[in-house]
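Chain by chain, the residues:
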Amino acid sequence: MLPCVVTEALDSLTGQYACYFRARETGEAAELRASGGRFPSASLIKIPIALAWARLEAAGELDRAALCDLAAEPPVQGAGFSWLLRQPRLPYQDVLLLMLSLSDNLCTNAIIQKIGMQRLNAIFHDMLGLRETVLQRKMMDLEARAAGRENWIGVDDAVRLFDLVRALDADARAWLEPALLANQDTSLLLRDVPRDTLEFFHKTGSLPGVLHDWGYSADRELFLLTGGVEDEDAANRVFGLVGKALLM
């Protein structure tokens, strides 16, 4: 169970939040505290995109070894650095790696283009059972965002992602999990966890007023989603408190 100091800190957050914690090895019931049910997904949408790729590749429709020409996609910046690469032709496995580990936006858009936005949404809903996860724009499409086309994830979907990752076959886990482990963002759930003491397979994401960190260790599952954040410094401190649950 989350300690009282954590639950009190969660209740102090401005805006909406959803916090989930499960200790796999104890058999205790999972704990979910939420003041909101759906959040702008920010970069968390990249996990369902990767899971959709895994499903299609298992069906023989995609191949990670095939080459992707990033130069065919309009360059976008923000997270990641693939737009700076002198060699824009990479195997899709490397594109997926950059999408997950660095949250690379150009690589994400290349994957969206390869699969198709409409098809991705159908896979999210029909194959992955994600009822409130919706992709309505590519990364860094500021005009679409200003027009109200946002990407969304539901709290129940964020919980379900743990089951979906756990159910992957060995081949898919062999490329997805190292990419999640390679995420170097320690500013949220890992901010108060001593460096190099924990393997945490996770994905972070942020937009103005939105901070997310979703992930798992060998024996813990944990996420904190926030929206409508007014004081990011205060929210960061709460992320640090919540992240200590990984060490309990």
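Values in this document were obtained by computation on a predicted structure and should not be read as measured data. (Residues numbered from 1 in each chain as written. Predicted model: local features only at pLDDT ≥ 70, side-chain atom pairs only at ≥ 80, totals over all residues. Heavy atoms only, no water.)

Observations concerning the packing of helix α3 (residues 92-101) against helix α8 (residues 170-181)
The geometry of α3 relative to α8 is characterised by a closest axis approach of 8 Å and an angle of 35° between their N-to-C directions. Pair α3 / α8 crosses with right-handed handedness. Between α3 and α8, the contacting residues are Gln93, Leu96, Leu97, Leu100 and Ser101 on the first element and Trp175, Leu176, Ala179 and Leu180 on the second. Looking at the contact of α3 with α8 residue by residue, the class counts come to seven nonpolar, two polar and no charged. (Axes fitted to C-alpha atoms, helices over the stretch in contact; angles between N-to-C directions. Helix = DSSP H or I, 4+ residues; strand = E, 2+ residues; numbered from the N terminus. Left-handed = near helix turned anticlockwise from the far one by under 90°. Contact = heavy atoms within 4.5 Å. Nonpolar A, V, L, I, M, F, W, Y, C, P; charged D, E, K, R; others polar.)

What about the pattern of salt bridges?
Counted according to the given criterion, the structure contains 13 salt bridges. Asp171 is the partner of Arg64 in a salt bridge, and the nearest nitrogen-oxygen pair spans 2.6 Å. Note that Arg64 is positioned in the loop between α2 (46-58) and β4 (67-69) and Asp171 in helix α8, a separation of 107 residues in sequence. Taking the relative accessible area as the measure of exposure, Arg64 reaches 10% and is therefore buried. Put simply, Glu150 and Arg137 hold a salt bridge, and the shortest N to O gap is 2.9 Å. Here Arg137 lies in the loop between α5 (117-127) and α6 (142-146) and Glu150 lies in the loop between α6 and β6 (152-154), a separation of 13 residues in the sequence. Here Glu150 matches Arg137 in class, with each residue buried. Several salt bridges share partner residues, and in doing so they unite Arg22, Arg24, Asp163, Arg166 and Glu221 into one network. (Salt bridge = Lys/Arg side-chain N within 4 Å of Asp/Glu carboxyl O. Buried < 20%, exposed > 50% of the residue type's maximum accessible area, 1.4 Å probe, protein only.)

Quick look at empty space enclosed by the protein
Taken as a whole, this structure holds one cavity of 30 Å³ or more when the rule is applied. In this structure, the largest cavity spans a volume of roughly 40 Å³. As for the largest cavity, its lining consists of Met1, Phe21, Arg22, Ala23, Thr26, Glu28, Ala29, Ala30 and Glu31. In terms of residue count, the dominant contributor to the lining of the largest cavity is strand β1 (residues 16-23) (three residues). For the lining of the largest cavity, the residue count by class is five nonpolar, one polar and three charged. (1 Å grid on protein atoms, 1.4 Å probe; cavity = no way out; pocket = protein on both sides within 12 Å on 5 of 7 lines; lining within 4 Å. Points joined across faces, edges and corners; volume = space filled by probe spheres on them.)

Considerations on the packing of α2 against helix α7 (residues 155-166)
Remark: α2 packs on α7, axes separated minimally by 11 Å, with the N-to-C direction vectors making an angle of 30°. Classed by the angle they form, the pair α2 and α7 counts as roughly parallel. Pair α2 / α7 crosses with left-handed handedness. Side by side, α2 and α7 meet where Ile47, Pro48, Leu51 and Arg55 of the first sit next to Leu161, Leu164 and Val165 of the second. In terms of residue class, the contact of α2 with α7 is made up of six nonpolar, no polar and one charged. (Parallel < 35°, antiparallel > 145°, perpendicular 65-115°, else oblique.)

Things to note about the sheet that holds β1
With antiparallel pairing, five strands are arranged side by side in an open sheet as β2-β1-β9-β8-β7. Each of the sheet's edge strands pairs with one partner strand only, and the pair in question is β2 (31-34) and β7 (201-207). Averaged over all pairs of adjacent strands, the angle between their axes in this sheet comes to 5°, without regard to strand direction. Pairing of β1 with β2 involves four bridges; the strand directions are antiparallel. Opposite Cys19, over in β2, you have Arg33 as the bridge partner. Set on the sheet, helix α1 (residues 4-11) makes contact with β1, β2 and β9 (220-227); between it and β2 the angle comes to about 25°. (Pairing = 2+ DSSP bridges.)

Considerations on the packing of aromatic side chains
Within the structure shown, the criterion is met by seven aromatic pairs. Here the aromatic rings of Tyr20 and Phe223 are separated by 5.4 Å at their centres, their planes lie at 15°, and the arrangement is stacked. In this pair, Tyr20 is assigned in strand β1 and Phe223 in strand β9, connecting sequence segments 203 residues apart. With a relative accessible area of 0%, Phe223 lands in the buried category. Through a chain of ring-to-ring contacts, the aromatic side chains of Tyr20, Phe162, Phe201, Trp214, Tyr216 and Phe223 assemble into a single cluster. (Phe/Tyr/Trp six-rings, centres within 6.5 Å; stacked < 30°, edge-to-face > 60°.)

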